[in-house]
Each structure stands twice: as C-alpha cells, then as structure tokens.
Amino acid sequence: MGEFELIRHFFAAAPCAQGGEGVALGIGDDCALLTVPPGEQLAISTDTLVAGVHFADPCDPFLLGQRSLAVAVSDLAAMGATPIAFTLALTLPTVTADWLDAYARGLNVMAQRCGVVLVGGDTTRGPLSLTMTVFGRVPAGQALTRGGARPGDLLCVGGELGNAAGALPLVLGQRTAEAIIADPLLAHYWSPQPQLALGLALRGRATSALDISDGLLADCGHIALASKVGIQVERSKLPISTALLAFLGQSGAEEAALSGGDDYVLAFTLPPVELPPLLADGWPIHVVGQVVAGQGVVLLDANGQDITPQTRGYQHFRETP
C-alpha cells in the first residue's frame, strides 16, 4: 500500500477528518487552512512519541491511538485553549493493515472526544514514532502560561496524581493486579483525558498553569523558573487514588504522584480568593502547596521539613557521566 492510499484509506475517510469549526480546508491539499476569529490567538504544540521510549512496543494500537492524541491535546488544555485541529506524522517500520485500522479507530475516538479535527500530516518508513501537532484558539491575552505565579498563590492540581506511573509495571508485564485495581490505573495510562473544560474555567483566574507530563515536582520547576518564584509542595496533601495505594502502598504511591509523570492533569497557581467559586462549580481541584518568594521547588513533610528528593521526574534526555 502506497503513502497516499494509506492516508486515504485509514485517515482521510475517518469521521475526525471531516472538517469542523475553524477548519476552512482539511486533508487533500498541500496545506490545511484554519480560521481563527478576530481577537483570538492560535495556540500550537507538537509532541513526539517514540516506541520503546514513550510507550511499550509492541502494544495495543487502538489504545496507542487514544494516548498519542490525548497527550498532545493536553497542552491545549494547559493554555486554556479551545481545540481546533491536529496533524499526524506517522513513521512505521512496516505497513500492516490491521495495526493501522486499530490505531486509526483509537485516534478517532479521542479526536471526537476532544472536539479536534485531523487536517493533515505525513507518513514514512522507519522505527515506529508518532508526531502530533495540535492547534487551538484562545482570546488574545487570556492564554494560561507558566510565567505569572506570585507569592501567596495556592499550588493546585486538577485531579489524582500518580495513576499512570503506577500503571507502568502493568503495561510492561512486570506485575499483575485484580481488575478493580488494574483497570483504573491502566485507563489513566492509555486514555488520559485532557482537562480542556478546566483549562477554560481557569482563564482569568489562574496565574500560571501547565499539564503534568514529567512528574509534579519536575513540572512545578518549570513554573518556578518562568515565574521567578519558589514553590512548596506538601506531601501530605497529594491526591492519591485508592487503586494506586492498594497497588504500590503509601510510599510507592507518593513517589509515583511526585515524580512518576504521564498524569496529564493540570497543575496551576491560583490566588486564594479564586478557589471557593471554582470548588462551588464542582471542579476537582486539590490544593497541594503554595507559591513563596525565592526560587526552585521544595517538598515538605507534615512537619514542614524539607524532604526534597534528588531525582524529581522523567527527563527526555539524560546526560551520561
């Protein structure tokens, strides 16, 4: 099967590639054309997932289709952007119809769930990798960024932490667990739900935000650096699921929540006055620390003592000695 036949058969005909609001021209030309309303800005992000680095190989292609798009769309949620479209650059070692059909179905499920349209991309032969570029729109000047946190702000997260990291031994076949424990952990890993609605609700309220991909401590370091502040994380306030506690125990669950990565839950800073109305609206917000004067991120125990670990989260590239 040639490149263009592959695109037509598995992707161009998918429901998620049939156009939508903001898409003036989709798949089939040299470029897609997107329309952004006056007074809005275009938010763009690119994510690459490499087999054996970002996901197990082999794995279920349907689940991979969901995951590969969700982790990219999560960046739009972190900016408070409304999704418009995405492109897919797919590198395959071989063309296997069954694999492509399952991957495209998983991709389509997540695309429709997130309200984002496939508008183009590329295919080539090589080691399995997936590159998504996502496009969203946000009113000018209202995008959430990493650079606005202020001393006195609360450090908050939009849900439970550590579930995806806890699932990794299950994904890799290193451990097994009863379905009541394994299923919710695996769901967080393979089908993370971008917190798009929460991102919209935080516009004009949060002073900074990002999505947690490399672990809470590591990602809070990005906010601290961009905002030129210190951040204190309180271990006793970490929101941890009963499934994760049952699977890893207290200390293992805390480590997964702090440094495991792959949560794709929003972390954000919030003036205290903004918290009550958000909680009243039912948002699953947990306060896990505070912003202070200074620099960097510290982890505090229940007595306020500094227990910051040396290793803070996943790194895409690690230098060797």
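Residues numbered from 1 in each chain as written. Predicted model: local features only at pLDDT ≥ 70, side-chain atom pairs only at ≥ 80, totals over all residues. Heavy atoms only, no water.

Under an unreviewed UniProt entry, the name given to the protein is Thiamine-monophosphate kinase, and the source organism is Pseudomonas fungipugnans. Quoted verbatim from the Catalytic activity (unreviewed entry) heading of the UniProt record, the comment on the protein is "thiamine phosphate + ATP = thiamine diphosphate + ADP". Quoted verbatim from the Function (unreviewed entry) field of the UniProt record, the comment on the protein reads "Catalyzes the ATP-dependent phosphorylation of thiamine-monophosphate (TMP) to form thiamine-pyrophosphate (TPP), the active form of vitamin B1." (UniProt positions renumbered as here; feature names shortened; annotations may be inferred.)

Two elements in contact, helix 5 (residues 179-190) and helix 8 (residues 242-259), have axes separated by 9 Å at closest approach and are oriented at 110°. Considering their axes alone, helix 5 and helix 8 lie roughly perpendicular with respect to each other. Where helix 5 crosses over helix 8, the two elements pack in a sense that is left-handed. Across the interface between the two elements, Ile181, Pro184 and Leu185 of helix 5 pack against Ala243, Leu244, Ala246 and Phe247 of helix 8. A per-class count over the contact of helix 5 with helix 8 returns 7 nonpolar, no polar and no charged. (Axes fitted to C-alpha atoms, helices over the stretch in contact; angles between N-to-C directions. Helix = DSSP H or I, 4+ residues; strand = E, 2+ residues; numbered from the N terminus. Parallel < 35°, antiparallel > 145°, perpendicular 65-115°, else oblique. Left-handed = near helix turned anticlockwise from the far one by under 90°. Contact = heavy atoms within 4.5 Å. Nonpolar A, V, L, I, M, F, W, Y, C, P; charged D, E, K, R; others polar.)

This paragraph deals with the pattern of salt bridges. The final tally for this structure, using the stated rule, is 7 salt bridges. For glutamate 234, the salt bridge is made with lysine 237, and the minimal N-O distance between the two is 3.4 Å. When the shortest N-O distance is used, the salt bridge between glutamate 254 and arginine 235 registers 3.8 Å. Taken together, the residues glutamate 254 in helix 8 and arginine 235 in the loop between strand 9 (230-234) and helix 8 connect sequence positions 19 residues apart. On the basis of relative accessibility, which here comes to 14%, the residue glutamate 254 falls in the buried class. Note on arginine 235: relative accessible area 32%, which makes it partly exposed. Each of Glu21, Glu40 and Arg137 takes part in a single network of salt bridges with overlapping partners. (Salt bridge = Lys/Arg side-chain N within 4 Å of Asp/Glu carboxyl O. Buried < 20%, exposed > 50% of the residue type's maximum accessible area, 1.4 Å probe, protein only.)

The phi angle of most residues is negative, glycine excepted, and most peptide bonds adopt the trans form. With an omega of 5°, the peptide bond running from aspartate 57 to proline 58 counts as cis. Tracing the backbone through its elements, the reader meets proline 58 in the loop between strand 3 (40-50) and helix 2 (61-78). Positive phi, normally seen in glycine, also occurs at aspartate 262, with a value near 65°. Positionally, aspartate 262 belongs in the loop between helix 8 and strand 10 (266-270). Even without a glycine there, the phi angle at tyrosine 264 is positive, about 55°. Its location among the elements puts tyrosine 264 in the loop between helix 8 and strand 10.

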